[in-house]
Amino acid sequence: MKNSRNMFKISDKSLITDNLVPIIFILFTLFGFAVAKGVPFSFFLSDLSSRFYRNAFLVLSLIIPVIAGLGLNFGIVVGAMSAQIALVIVRYYYIEGLSGMLLCFVIATPIAALFGFLTGKLFNKTRGQEMIASLIVGFFANGIYQFLFLFVVGVIIPVPDTHPMIKTDGVGIRMSVDMGTLKYSLETVCEVPFMWAVLVTSAVLLAYYLIIRFAGKETPRDSSSNKKFIAKCAVLAFLIIFSIISIVTNNSLMTVKKVPVVTILLIAALCFFIHLLLKTKLGQDFRSVGQNQHIAQSNGIDVDKTRIIAVIISTVLAAWGQLIYLQNMGTLNTYGAHNQIGMFSVAALLVGGASVSKATVGQALAGTLLFNSMFIMSPEIGQALFGQAILGEYFRTFMVYAVIGLALGLYVWNANRKSKVTL
Amino acid sequence: MAELTVKKDKRESFIQEIGLPTVIIAAFYIVVLIAALLLKLSLPVLISDTLRRFGMNGLLVLAMVPSIKSGTGPNFALPIGIVCGLLAVVCGIEFGLTGFGLLAFSSISAILISVITGYLYGKLLNAVKGAEMTIATYTGFSAVSLMSLVWLMVPFTNKKMGWLIGSGLRETIQLDAVGADGIINDLLAFERFGIKVPTGLLAVFFAFCIMMWLFFRTKTGIAIIAGGVNPNFAAASGISIDKNRIIANIISTVLAALGIILYSQSYGYIQLYSAPLNMAFPAVAAVLIGGATASRASVSNAIIGVFLFQGMLTTALPVANELFTGTDLSEIMRMIVQNGIILYALTQVRGGAK
C-alpha cells in the first residue's frame, strides 16, 4: 500500500490528466451500478460481451492510420459501405450460410481497397486536415452510396421488381434487407458457454505466463516486474476459481450469452496481425511517417505511398469489421447501418486512452469495453435518476461527441503548449 | 503582401478569382433551370421559393464570413449559435410573448446568450490553433446533444411547446400558434408577375450584409483581416490576434443565433433536438460555392453562394421529382454537392506536413 502510494506520487498528476477520459468512463459505469439497482450483472455481461464481439474489429481497424500520423480515420464508414455493397450483391443472388458470408468477405475486400486508395489519395491532398476530411468523406460517400442503391439499381442496372430486396416500384434497395441464413453465420459455427470460455482462457494464459517465467532464459527480476507478474497471476487465479464456482453452482452468470469462438478468433488474429505488422519494415515506415514526414521522406521512405497503404489497410479491415457487425445484427439497415460506425468506433478508441498520434491494441480493446459499458448503463441511469430512459440516450450521444471533442482538444492544446515551450 | 499580388492579377485571373466551384455550380444551376423550363414547371413559383430560401439561409451563411476572415476557418461550430437562438425563442414563448414582441425579445436575448458562448468558443479556438475545423465540428455536435438534454429537462409549462403527456419540449414547435409564422417575410411583401417577394426577410438579410461590409472597414475589422491573412506579420505590428479571433467568432455566433430565428420564422417551425446537428455543413458549402476558401471570404461570397446553392436545390427538387418519381434525387444531390465542395476546399488549405 505504502509503495503503491509512492509510485502514485511520482506520476500522480500526469497519470490522471493522461487518462482523464478512461477514468471518467470507469467512474460513470460504477456510478451506474450504484444507482440503477435493477441491472443484474449477468445481463450486463451478456450485453457488453455481445457488443464487444460486434464492435472490437471495427475499433481495431482505426489503429494503423493513427500510427501512420493520419489521425483518427472517421472514413472507415467508407469501408462499412463497401461491406454493405458486398452483402447486397451476395443477398441478391440468394447465396446463403457461411459460404455466402465468406463470399461477402471476398467481394468486400477489393471494393474497400479501391475506396481506401481513393480516400488515401485525398488525405494526401488535405495534409494536416485529415480528420475533418475523413469526416466529410464519410458524408460524401454516403451521398454516392445512396445514389447507387436508390437510383442506379433499378434505373441503370435493371432488376426484377419481384425480388424481395428491391422496392415494389422496381427502383432501389429496400430500407432494410433481411440477411437470411447469413445471420449469425460466423457465430453459429462454434459457441462456448461464457464461464467455460473464461475458465479456459484464464487457465491457458496462466500457464503461458508461468512457463515464460520459469522456463524463459533471462527475465528481469526487479521488484516492479515481479509485482506485475504476481498481480497478473492473482487475477487469473481468481478468475479460474470464480468461473469454477459458477460452473459448479450453476449461478446466474451461467446465463450469460455464449461466446462465438470464430468472432473471437478473428479479433485475436487481427490483434496479432497488427502486432506483427508493426514489427515489419512497413510497420516501421508507418511509425516514422507518423512521427515526422520530412525526416521520413529524407530517409528514403515514400511518404505518400505509405500513408495510402495505411488507409487501404484501415478501410479493408473496417469492411470486414462491418461484416462481422452485420451478421451479428441479422438485418441490414441499408441506409443507416454505416452512418454512426465512424463516430462510435473513434469514441471507443479514445475512451481506451488513445490519442490522435498514439494507439495500441490494448487501448482499442479496453476502449471498446469501457465505451459500451457506458452505452449500456446510460439509459439505466436516466431511468433510475429521472424516470426517463430517453434522457440517458441523449446523454450517451452527448458523451460520444464530448469524448471526441475533449480528447482532440486536449491533444492539440497540449501539443500547442509544448511547441510554445520549445520556442 | 499576399493582398498586393492578388490585386495585381485581379483582372487576368477572373475565372480563378470567381473560383472553380462557383463556375461549376452556376453552370449546373443554369442546366437545372433550363430543365425546369422544358418540363414546364411554374417559373414564378420556383423564383418565389428561391427568394424565400435565399433569405432564410442568408444569415447562417453570412456567419461564416467573420470566422474565415479571422483565420479560424469556416465556423463548423455554427450549431452553438443556433442553439443559443433556439433557447431564446423557447424562453420567449414560455413568457407568453407573441408576434413581433416574441421576435424582438428572442433576438435581444439571443444576442446576450451568444455573446457569452461565442466568447468561450473563441477562447477554445485560441487554445487549439491548427486544428480548429475538426474541434469546432465536435464542439458544435456536443453543444447540440447537450442542449437535447436541456430541451428534455427544462421545466417549461407552456402547452404550445410541451408534449401532451410527460415533461420536456416537443421536437417541432409550430410558430403560427404564437403568431410568429413568417411575420418578417410578410413585412412589406408584394407580388409581381406571380412572384412573391419576401421584402422584410430580404431587407433584414441585406441590412446585416451591409453592416458586415462596413464592419470590415473599421479599425477592428481591418485588424481582424490582417490577423487572418498573416498572423506573424499582424502580431509584429502590434495587433492582438487572439483577441481579434475571439471578436470574430463572437460575431459569427451571434449571427448564427439571429440567423436561426430568421430561419425559423420563415420556416414556420422551431426544430429542437438533433435538427441543428448538421446545419453547419450546408452553410459552409454555400459560402465556399460563393467563391470563398477556408482562409478567404467576403460578404459577396456569402450572398452569391447562398443564392446559387439554395437556388439550385430549390429548382432541382421539382425537376428531379418530375423526371424520376419516387427517389429523392435532390437530397442525394445536396449531399454530394455540399460535401464535395467542402472536400474540394479542404484540398486547397495550405496544410503543413508534420
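One can find the structure itself at the top, above this paragraph.
Described in the following lines is the structure provided in the data block. Since the model is a prediction, treat every value here as computed from it, not as a measurement.

The rules behind these values
Along each chain, the written sequence defines residue order, and numbers are assigned to residues from 1. Each chain is given a letter, starting from A, and each ligand a number, starting from 1, according to the order in which they appear as written. Residues qualify for local features only when their pLDDT is at least 70, as the model is predicted, and side-chain atom pairs are given and counted only at 80 or more; totals for whole chains, interfaces and linings, by contrast, use all residues. Helix and strand definitions follow DSSP, with helices as H or I runs of at least four residues and strands as E runs of at least two, each counted in order from the N terminus. Here the globule rule reads 2.2 Å times residues to the power 0.38, and the radius of gyration is calculated from C-alpha atoms. Working definition of burial: number of other C-beta atoms within 10 Å of the residue's own, with buried at 20 or more, exposed at 12 or fewer, and partly exposed in between, all C-beta atoms being placed from the backbone. Residues are defined as contacting one another if the C-beta atoms placed from their backbone atoms lie within 7 Å. Residue type decides the class: Asp, Glu, Lys and Arg count as charged, Ala, Val, Leu, Ile, Met, Phe, Trp, Tyr, Cys and Pro as nonpolar, and the leftover types, Gly among them, as polar. Nonpolar cores are built from buried Ala, Val, Leu, Ile, Met, Phe, Trp, Tyr and Cys residues. These are joined into a set through C-beta atoms within 7 Å.

## Things to note about the overall build of chain B
Thinking step 1. Each helix and strand in chain B was counted, giving 16 helices and four strands.
Thinking step 2. Over its C-alpha atoms chain B spans a radius of gyration of 21 Å, differing by no more than 12% from the 20 Å that the globule rule assigns to 354 residues.
Thinking step 3. Principal-axis analysis of the C-alpha atoms places the extent of chain B at approximately 60 × 50 × 40 Å.
Thinking step 4. Looking at chain B residue by residue over its 354 residues, the buried ones come to 51%.
Thinking step 5. Across chain B, every contact between residues at least 6 apart in sequence was considered, and the portion connecting residues at least 24 apart equals 76%.

## Focus on the interface of chain B and chain A
Thinking step 1. Residue-level contacts link 36 residues of chain B with 44 residues of chain A.
Thinking step 2. Broken down by element, the residue count for the side of chain B that touches chain A peaks at 13 residues, all from helix α8 (residues 132-153) of chain B.
Thinking step 3. Grouping the constituent residues of the side of chain B that touches chain A by class yields 20 nonpolar, 14 polar and two charged.

## Observations concerning unusual backbone geometry
Thinking step 1. Positioned with a positive phi, Tyr94(A) is a non-glycine residue whose angle comes to about 55°.
Thinking step 2. Tracing the backbone shows Tyr94(A) in the loop between α6 (76-92) and α7 (97-125).
Thinking step 3. Assessed through the 11 C-beta atoms surrounding it within 10 Å, Tyr94(A) is described here as exposed.
Thinking step 4. With phi around 55°, Tyr273(B) is a residue other than glycine that occupies positive phi space.
Thinking step 5. Within the fold, Tyr273(B) resides in the loop between β4 (269-271) and α14 (280-289).
Thinking step 6. For Tyr273(B), a count of 20 C-beta atoms within 10 Å translates into the label buried.

## Side note on the nonpolar core
Thinking step 1. Counting residues in each nonpolar core, the largest one holds 223 residues, and the members touching the most others are Ala283(B) and Val287(B).
Thinking step 2. At 16 residues, helix α14 (residues 303-329) of chain A tops the list of elements feeding residues into this core.
Thinking step 3. When residues no more than four places from it in sequence are discounted, the contact partners of Ala283(B) are Leu60(B), Val61(B), Ala63(B), Met64(B) and Leu78(B).
Thinking step 4. Core analysis: the second largest hydrophobic core is formed by seven residues, Phe194(A), Met195(A), Leu199(A) and Val256(A) among them.

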